[in-house]
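Residue-level structural notes
Here is how the chains run, residue by residue.
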Amino acid sequence: MTDKQQNTGADTTATRSGFVALIGATNAGKSTLVNHLVGAKVSIVSHKVQTTRAIIRGIAIHDNAQIVFMDTPGIFKPRRRLDRAMVTSAWGGAKDADLIVLLIDSERGLKGDAEAILEALKDVPQPKLLVLNKIDRVRPEDLLKLAQAANEAVPFERTFMISALTGSGCKDLMDYLATALPEGPWYYPEDQISDLPMRQLAAEITREKLFLRLHQELPYASHVETEKWEERKDGSVRIEQVIYVERDSQKKIALGKGGEAIKAISTAARKEISEILEQPVHLFLFVKVRENWGNDPERFREMGLDFPK
Ligand SMILES: Nc1nc2c(ncn2[C@@H]2O[C@H](COP(=O)(O)OP(=O)(O)OP(=O)(O)O)[C@@H](O)[C@H]2O)c(=O)[nH]1
Ligand SMILES: [Mg+2]
């Protein structure tokens, strides 16, 4: 326990702590923001939609507060069973939070899913903040209009305008959160930045490289699991991962001509995992066809999702 944790009560240095759910349409920049605020990569990011699949907690300390961010899957109109599980998990995260942050991509505005999310937010009891993201991409007058429209739909406590990419406006948001959360001891040890076990983060990093490298339906038809993790005497680690796809034709694309695609994915993932672990990594990727993984309860459990009936 740290000195800070022992301070309670009316003392001005009393610790604060709490859970902040980041919700929003897919691609709004939720994971980018969590990584920026935590100061390390805890959640994967891509330019494609539906990158985050389950809730990931990223933990930041600001002043005397420990702020536990819940990065949630983007909310969209679900089609597949996996989609439904992702959206349910996002709203579940909101239910468990002390504070809810709605993140909107200012460039997209209220088009599409953001409007439906605002509507659904009306029934959520917790205090809510509006965060307009990607302000590096829009004109200030458009931002004001967007802020006004969103605040007419839902009574937000405050509105922030930020860029998760450049960090602009993020300090104001953190200053606010650090005083808005309830007083109480910290939930996690001071040096913990995420709740994701290393094996799972490593699988997520490979999935990110796959999202960046492969296109069309493939990212959505695939799922990565770490199967083996072996610390070796020479200080390196040997990691075996399986990329599950749904069909043989997808396996061919994932491998690429002469194994070119899988090699590029593996190289990029190995480099990043090795940087995070600060040790040499030997990464072995295997692509397996598992036709019905999108309907297999075990895969959902592995991802940290409930299996919707
Ligand atoms: N220009 C700009 N791009 C941003 C900003 N924040 C995020 N992005 C980009 O937006 C894209 C989506 O970012 P993510 O963080 O993966 O978005 P997300 O909301 O977590 O998406 P899902 O997990 O799919 O719901 C990425 O290409 C980011 O680099 C920003 O402030 N400015
Ligand atoms: Mg995300």
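Residues numbered from 1 in each chain as written. Chains lettered and ligands numbered in written order. Predicted model: local features only at pLDDT ≥ 70, side-chain atom pairs only at ≥ 80, totals over all residues. Heavy atoms only, no water.

With respect to the overall build of the chain
The helix and strand tally for the chain stands at ten helices and nine strands. Against the 2.2 N^0.38 benchmark of 19 Å for 309 residues, the chain shows a C-alpha radius of gyration of 20 Å, consistent with a compact globule. In terms of its C-alpha atoms, the chain occupies a principal-axis envelope of roughly 60 × 45 × 40 Å. For the chain, the proportion of its 309 residues judged to be buried stands at 53%. Summed over all atoms, the accessible surface of the chain reaches about 14,700 Å², with 50% contributed by carbon and sulfur. Each charge sign in the chain was given a centre, from 43 positive and 44 negative side chains, and these centres are 7 Å apart. (Helix = DSSP H or I, 4+ residues; strand = E, 2+ residues; numbered from the N terminus. Rg over C-alpha atoms; globule rule 2.2 N^0.38 Å. Buried < 20%, exposed > 50% of the residue type's maximum accessible area, 1.4 Å probe, protein only. Areas by Shrake-Rupley, 256 points an atom, 1.4 Å probe, with all protein chains shown as cover. Lys, Arg positive; Asp, Glu negative; His and termini not counted. Charge placed at Lys NZ, Arg CZ, Asp CG, Glu CD.)

Here we look at the packing of aromatic side chains
One pass over the full model with this rule turns up four aromatic pairs. Between Phe211 and Tyr220, the aromatic rings sit 5.5 Å apart at their centres with planes inclined by 75°, giving edge-to-face as the arrangement. Pair check on accessibility: Phe211 and Tyr220 agree, each one buried. Between the NZ or CZ atom of Arg238 and the centre of the ring of Phe284, over which it lies, the distance is 4.0 Å. (Phe/Tyr/Trp six-rings, centres within 6.5 Å; stacked < 30°, edge-to-face > 60°. Lys NZ or Arg CZ within 6 Å of the ring centre and 35° of its normal.)

Concerning the pattern of salt bridges
Scanning all chains against the criterion turns up 20 salt bridges. The residue Asp83 makes a salt bridge to Arg80 at a minimum N-O spacing of 3.1 Å. The class for Arg80 is partly exposed, based on a relative accessible area of 25%. The salt bridge partner of Lys171 is Asp175, with a shortest N-O separation of 2.9 Å. One end of the pair, Lys171, and the other, Asp175, are both in helix 6 (residues 170-180), four residues apart, so they sit about a helical turn from each other. (Salt bridge = Lys/Arg side-chain N within 4 Å of Asp/Glu carboxyl O.)

As for the coordination of the magnesium ion (ligand 2)
Distances from the magnesium ion (ligand 2) to its protein donors, Ser31 (OG) and Thr52 (OG1), fall at 2.0 to 2.1 Å. With Ser31 in helix 2 (residues 30-38) and Thr52 in the loop between helix 2 and strand 2 (56-62), the pair connects residues that are 21 residues apart, well separated along the chain. In this pair, the class of Ser31 matches that of Thr52, namely buried. (Donors = N, O, S within 2.8 Å, 3.2 Å for Na, K, Ca; no water.)

Side note on the packing of helix 8 (residues 248-255) against helix 9 (residues 260-277)
Between helix 8 and helix 9, whose axes approach to 4 Å, the crossing angle comes to 60°. On the basis of their axis angle, the class for helix 8 and helix 9 is oblique. Taken together, the residues of helix 9 that come into contact with helix 8 (itself represented by Ile253, Ala254 and Leu255) are Glu260, Ala261 and Ile262. In terms of residue class, the contact of helix 8 with helix 9 is made up of five nonpolar, no polar and one charged. (Axes fitted to C-alpha atoms, helices over the stretch in contact; angles between N-to-C directions. Parallel < 35°, antiparallel > 145°, perpendicular 65-115°, else oblique. Contact = heavy atoms within 4.5 Å. Nonpolar A, V, L, I, M, F, W, Y, C, P; charged D, E, K, R; others polar.)

A look at helix 3 (residues 81-95)
Between its terminal C-alpha atoms helix 3 stretches 21 Å, which fits the 21 Å expected from 15 residues at 1.5 Å a residue. If you check which residues of helix 3 are buried, you get Leu82, Asp83, Ala85, Met86, Val87, Ser89, Ala90, Gly93 and Ala94. On the buried face of helix 3, the contacting elements are strand 1 (16-24), strand 3 (65-71), strand 4 (99-105) and helix 10 (297-303). (Expected span 1.5 Å × (residues − 1).)

A look at the site of ligand 1
Among the 22 residues in the neighbourhood of ligand 1, the closest are listed as Thr26, Lys30, Thr32, Thr51 and Thr52. The contact in question runs from an oxygen atom of ligand 1 to an N or O atom on the side chain of Ser31, over 2.9 Å. Within the complex, 92% of the 660 Å² of free accessible area of ligand 1 lies under protein. Considering each element in turn, the shell around ligand 1 owes the most residues, three residues, to helix 2. For the shell around ligand 1, a count of residues per class yields five nonpolar, 13 polar and four charged. (Near = heavy atom within 4 Å. Polar contact = N/O pair within 3.5 Å; in protein donor to acceptor, adjacent residues only side chain to side chain.)

Thoughts on the sheet that holds strand 4
The strands making up a sheet associate through hydrogen bonds between their backbones, and the pairing can be parallel or antiparallel. Reading across the sheet, the six strands line up as 2-3-1-4-5-6 and stay open at both edges, with mixed pairing between neighbours. Two strands lie at the open edges of the sheet, namely strand 2 and strand 6 (158-161), each paired on one side alone. Strand-to-strand twist across the sheet, computed as the mean angle between neighbouring axes with direction ignored, equals 25°. Note that strand 5 (residues 128-133) and strand 6 share four bridges and pair parallel. Within the sheet, the bridge partner assigned to Leu129 lies in strand 6 and is Arg158. (Pairing = 2+ DSSP bridges.)

Regarding the packing of helix 7 (residues 198-213) against helix 9
A pair of packed helices is characterised by two quantities: the angle between their axes and the separation of those axes. Taken N-terminus to C-terminus, the directions of helix 7 and helix 9 make an angle of 140°; their axes are 9 Å apart at the nearest point. Judged by the inter-axis angle, helix 7 sits oblique to helix 9. Once helix 7 is placed against helix 9, the crossing between them reads as right-handed. Of helix 9, the residues touching helix 7 (which contributes Met198, Leu201, Ala202, Ile205, Thr206, Glu208, Lys209, Leu210 and Arg213) are Glu260, Ala261, Ala264, Ile265, Ala268, Ala269, Glu272, Ile273, Ile276 and Leu277. Each residue belonging to the contact of helix 7 with helix 9 can be placed in one class, and the counts come to 13 nonpolar, one polar and five charged. (Left-handed = near helix turned anticlockwise from the far one by under 90°.)

Describing the domain arrangement of the chain
Taken domain by domain, the chain comprises domain 1 (3-180) and domain 2 (198-303). Look at where the C-alpha atoms of domain 1 and domain 2 centre, and you get two points 28 Å apart. With 18 residues of domain 1 at the contact, the number on the domain 2 side is 20 residues. For the pairing of domain 1 and domain 2, the buried interface totals around 1,600 Å² over both sides, and the portion due to carbon and sulfur atoms is 56%. Considering only the side of domain 1, the residues that lose the most area to domain 2 are Ile44, Lys48 and Arg53, jointly responsible for 39% of the buried surface there. (Domains from an automatic or database assignment. Buried area = accessible area lost by both parts, 1.4 Å probe.)

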